[in-house]
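What follows is each chain in one-letter form.
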Amino acid sequence: MKAFVFRCVTCLVLLQAPWAHGTPASPFSFGVIAKQLKAANGEATVRNAIAESDADNLAFVVANGIKAVDEPCTDTVYKNRRTLLNSAKNGLVVSITASDWAQCVNAKNRSIATDRISRLRDLFFADEFSLGDSKIPLIRQSSMPQFRMYAENMRWRINDVMFATINLPSNNNNYLNAAGRNSEFEDRQIANTDWLKRLFLTAKIGKLDGIVLFCDGNPFVPAEHTSFFSSDNKREGYANIRRQIMAFAAKFPGRILIVHSDQNAHQVSAPRNIDWHGNIGTFRADTPWRKISVDSALPQLFTAINPALSVQTVHR
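The rules behind the values
Residues numbered from 1 in each chain as written. Predicted model: local features only at pLDDT ≥ 70, side-chain atom pairs only at ≥ 80, totals over all residues. Heavy atoms only, no water. Helix = DSSP H or I, 4+ residues; strand = E, 2+ residues; numbered from the N terminus. Buried < 20%, exposed > 50% of the residue type's maximum accessible area, 1.4 Å probe, protein only. Contact = heavy atoms within 4.5 Å. Areas by Shrake-Rupley, 256 points an atom, 1.4 Å probe, with all protein chains shown as cover. Disulfide = S-S within 2.5 Å. Pairing = 2+ DSSP bridges. Salt bridge = Lys/Arg side-chain N within 4 Å of Asp/Glu carboxyl O. Core = buried A, V, L, I, M, F, W, Y, C linked by side-chain atoms within 4.5 Å. Axes fitted to C-alpha atoms, helices over the stretch in contact; angles between N-to-C directions. Parallel < 35°, antiparallel > 145°, perpendicular 65-115°, else oblique. Left-handed = near helix turned anticlockwise from the far one by under 90°. Nonpolar A, V, L, I, M, F, W, Y, C, P; charged D, E, K, R; others polar.

Some words on the overall build of the protein chain
Broken down by element type, the protein chain carries six helices and 15 strands. Taken over 316 residues, the protein chain has a buried fraction of 53%. A sequence separation of at least 24 residues applies to 71% of the contacts in the protein chain between residues at least 6 apart. Within the structure as shown, the protein chain displays about 14900 Å² of accessible surface, and the carbon and sulfur contribution to it stands at 54%.

A short note on unusual backbone geometry
Each neighbour pair has its own omega, and for Thr-287 with Pro-288 the value is -5°, a cis peptide bond. Take Pro-288: it is sitting in the loop between β12 (280–284) and β13 (289–294). For Asn-172, which is not a glycine, the phi torsion comes out positive at approximately 60°. With respect to the helices and strands, the residue Asn-172 is situated in the loop between β6 (161–165) and α5 (183–206). One non-glycine residue with positive phi stands out, namely Asn-174, at about 60°. In this structure, Asn-174 sits in the loop between β6 and α5.

What to know about the state of the cysteines
Per the stated rule, a full pass over the model turns up one disulfide. There is a disulfide in this structure between Cys-73 and Cys-104, and the S-S distance comes to 2.0 Å. Of note, the bridge from Cys-73 to Cys-104 carries an S-S torsion of about -85° and is left-handed in sense. Residue Cys-73 is located in the loop between β2 (61–64) and α3 (75–86), and its partner Cys-104 is located in the loop between β3 (92–95) and α4 (113–124); the two are separated by 31 residues in the primary sequence. With a relative accessible area of 16%, Cys-73 lands in the buried category.

Looking at the pairing of strand β10 (residues 255–260)
Moving residue by residue along a regular strand, the side chains alternate between the two faces of the sheet. Among the six residues that make up β10, six are buried, leaving the element largely enclosed by the rest of the structure. The side-chain alternation of β10 yields two buried faces, one formed by Arg-255, Leu-257 and Val-259 and the other by Ile-256, Ile-258 and His-260. As paired strands, strand β7 (residues 210–214) and β10 are joined by five bridges and run parallel to one another. Its bridge partner being in β10, Ile-211 is matched across the sheet by Ile-256. Bridge count between β10 and β12: five bridges; the pairing is parallel. Residue pairing in the sheet places Leu-257 in a bridge with Gly-281 of β12.

Notes on the pattern of salt bridges
Applying the stated rule across the entire model yields 15 salt bridges. Between Arg-116 and Asp-75 there is a salt bridge, with the nearest N and O atoms lying 2.9 Å from each other. One end of the pair, Arg-116, is in helix α4; the other, Asp-75, is in helix α3, with 41 residues separating them in the sequence. Looking at Asp-75, the relative accessible area reads 25%, which means it is partly exposed. Here Lys-197 ties to Asp-194 by a salt bridge, and the two come within 3.9 Å at their closest N and O atoms. Separated by three residues within a single helix, Lys-197 and Asp-194 lie in helix α5, roughly one turn from each other. When its relative accessible area of 11% is taken as the criterion, Asp-194 is described as buried. Salt bridges linked by common partners bring Glu-43, Arg-47, Glu-71 and Arg-81 together as one network.

Focus: the nonpolar core
A general tendency of soluble globular proteins is for nonpolar side chains to be buried together. Judged by nonpolar contacts, the single largest core of 57 residues is most densely connected at Phe-60, Phe-124, Phe-163, Phe-214 and Phe-302. If one sorts the elements of this core by residue count, α4 sits on top with five residues. Sequence-distant contacts of Phe-163, defined by excluding residues within four places in its chain, comprise Phe-28, Phe-30, Phe-60, Met-154, Arg-155, Trp-156, Ile-158, Val-212 and Phe-214. One finds Leu-168, Leu-199, Phe-220 and Phe-252 within the second-largest nonpolar core, a separate group that totals 23 residues.

Some points on helix α6 (residues 239–249)
One turn of the α-helix equals 3.6 residues, which is why residues spaced by three or four share an orientation. If you check which residues of α6 are buried, you get Ala-239, Ile-241, Arg-242, Gln-244, Ile-245, Phe-248 and Ala-249. Buried-residue contacts for α6 involve α5, β7, β10 and β12.

Brief notes about the pairing of β7
Most of β7 is tucked away, with five of its five residues classed as buried. Bridge count for β6 against β7 is five bridges, and the pairing is parallel. Bridge assignment links Val-161 to a residue of β7, and that residue is Gly-210.

Things to note about the packing of helix α2 (residues 42–55) against α3
One way to put it is that α2 packs onto α3 with a least axis distance of 10 Å and a crossing angle of 20°. The angle between α2 and α3 places the two elements in the roughly parallel class. As for how α2 packs across α3, the hand of that crossing is right-handed. In contact with Glu-43, Val-46, Arg-47 and Ile-50 of α2, α3 contributes Arg-81, Leu-84 and Leu-85. When its residues are assigned to classes, the contact of α2 with α3 shows four nonpolar, no polar and three charged.

Written as structure tokens, this is what we have:
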């Protein structure tokens, strides 16, 4: 009980620290549990990642994904994984991926994505707090009546850095290359555009040092893998989001870090590092989990760490 109270108090102090201007912000770290690629040993890997991250000194943990693509999209799997993730001692935020909903099909191989995303919202995003013992208060996009469906888009803040999740599945943002089948994509595109606009406005007004976005798909896939607005003669599902982020980054003096789990994107030259282009960085969280430190005294602000190796990567 004492440990629980201590963690909650620590969490609240971190969350309230941004408004205490005038004193240098203390460095802190957070963890990212990577999306499981295969069902075999997937739950055991997540369990071990939770245990290891619980033992570390972290402000919070984000789970990038609930289940592997070859696990069934059933309520039983969702509920079991929620119980496991909720057992974390750290505050744990869930960022959903394509394998959790967008790639779900029924016995006739027909998409049940809309039904499954609705169920996930009920099971994982029904209140104003994260999972885990150290409950992190979250601001959800669903607090706005016009976007009440999109509870999976959340934000929180520590010191002068804003953290947010955004639903960008790695299957080309769930864009379907067929006429009349993209209502889910189009509606979510409107919600995501508004969500990013509000995040960027809040960061600008607050004169923040950085923004961290957690998502599944990498909206900045390498140029040799896809053109800026098209891929293999199909509509590129991240084009509008990418353009929006780039437009804001051009006027933002801080850093923007995108933490994704996109295995489809071409591997960058330094696969375990943050790949910086200007003030925009992308980082793929690989299994089992990764740690990222935040230090406002460093020019790059963010440093990626592989806990298994205990070696910090250096970004220039």
